[in-house]
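Structure at a glance
If you want the building blocks of each chain, they are given just below.
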Amino acid sequence: MSIRDLVGKAVIREVRPEDDAAVGELLVEAFTTQYAKKLPDVVYTDERKRELRDVASRRKIASLLVAELDGEVVGTVALFPPGAPGSEAWLPRAADLRGLATAVKLHGAGLAQPLLDAAEALARRWDVDAVCLHVRRGATGVARMYMARGYEREPGGDLDLPSVYLEAYVLRLKHTTH
């Protein structure tokens, strides 16, 4: 059975408190591994790793989803509702998509797609106008994946932070005239 066949068997569900440690470690491993390969100058500080591991705090303000395969958490994504503390959405009535990550052993197998499908479906149930997200400048493969799903680059939402420059993308779910 191929990895893609396995990914097709993944169950997407809401995160549970007992998933917190696994989700935190998955985020740290996925981000540090991918950036080490693609953007070797990126360094994850201990503080940033603590933030990634603090899944319990994010669960209180955002909807977190996981992909589970044979009982193992192999992917995750978070969706912050409009106005949630910590949301980086720059548009009104927009959800903020954050922390998409898959297990390193499954990178490239397409597992991000069902996670994004579920997060975008949740945003539609929330009846938001758009889904906003940020991609680290230089992570061109990640940006291409989102653009292939219909996200558009929106420089007005960029975040120029002391430690990182984040480029903004938006998926408009409703076309507003105001």
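Quick note: structure is the one above.
So, here is what we can say about the structure in this document. (Residues numbered from 1 in each chain as written. Predicted model: local features only at pLDDT ≥ 70, side-chain atom pairs only at ≥ 80, totals over all residues. Heavy atoms only, no water.)

With that settled, the discussion passes to the overall build of the protein chain. Scanning the protein chain for helices and strands turns up six helices and eight strands. Counting every position in the protein chain, which comprises 178 residues, the buried fraction comes to 44%. Long-range contacts, defined as pairs at least 24 residues apart, comprise 66% of the intrachain contacts of the protein chain with a sequence gap of at least 6. Accessible surface computed for the protein chain: about 9400 Å², of which carbon and sulfur atoms make up 52%. (Helix = DSSP H or I, 4+ residues; strand = E, 2+ residues; numbered from the N terminus. Buried < 20%, exposed > 50% of the residue type's maximum accessible area, 1.4 Å probe, protein only. Contact = heavy atoms within 4.5 Å. Areas by Shrake-Rupley, 256 points an atom, 1.4 Å probe, with all protein chains shown as cover.)

So, on to helix 5 (residues 112–125). When the terminal C-alpha atoms of helix 5 are compared, their 20 Å separation across 14 residues agrees well with the 20 Å that a helix rising 1.5 Å per residue should span. The set of residues buried in helix 5 consists of Ala-112, Leu-115, Leu-116, Ala-119, Glu-120, Leu-122 and Ala-123. Seen from one end, helix 5 has its buried residues packed into an arc of 155°, which puts them on one side. Taken from the residues just after helix 5, Asp-127 is the one with a positive phi, measuring 65°. (Expected span 1.5 Å × (residues − 1). Arc of directions from axis to C-beta.)

Tracing the backbone shows Gly-71 in the loop between strand 2 (63–69) and strand 3 (72–80). Take Gly-71: its relative accessible area is 62%, and that puts it in the exposed class. Separated by 61 residues in sequence, Gly-71 and Ala-10 have C-alpha atoms that sit 9.4 Å apart.

Moving on to the nonpolar core. Ranked by internal contacts, the top residues of the largest apolar core, which has 47 residues, are Leu-97, Tyr-146 and Tyr-151. Secondary-structure elements contributing two or more residues to this core are helix 2 (20–38), strand 2, strand 3, strand 4 (94–102), helix 5, strand 5 (130–136), helix 6 (140–148) and strand 8 (165–172). (Core = buried A, V, L, I, M, F, W, Y, C linked by side-chain atoms within 4.5 Å.)

We note that Asp-70 has phi near 50°; this positive angle belongs to a residue other than glycine. On the secondary structure map, Asp-70 appears in the loop between strand 2 and strand 3. You can call Asp-70 exposed: its relative accessible area is 75%. In this structure, Arg-93 takes a positive phi of about 55° despite not being glycine. Looking at where Arg-93 falls in the secondary structure, it is placed in the loop between strand 3 and strand 4.

For strand 5, a buried count of seven out of seven residues is recorded, marking the element as mostly surrounded by other parts of the structure. Residues Ala-130, Cys-132, His-134 and Arg-136 point to one face of strand 5 and Val-131, Leu-133 and Val-135 to the other, with burial holding for every one of them. Where strand 4 lies against strand 5, three bridges are found, and the strand directions are parallel. By the bridge assignment for strand 5, Ala-94 is matched with Ala-130. In this view, the connection linking strand 4 to its parallel neighbour strand 5 by way of helix 5 has right-handed handedness. Here strand 5 runs beside strand 8; their pairing, made up of seven bridges, is antiparallel. When the sheet's bridge partners are listed, Arg-136 is paired in strand 8 with Leu-166. (Pairing = 2+ DSSP bridges. Right-handed = clockwise from strand over helix to strand, strands pointing away.)

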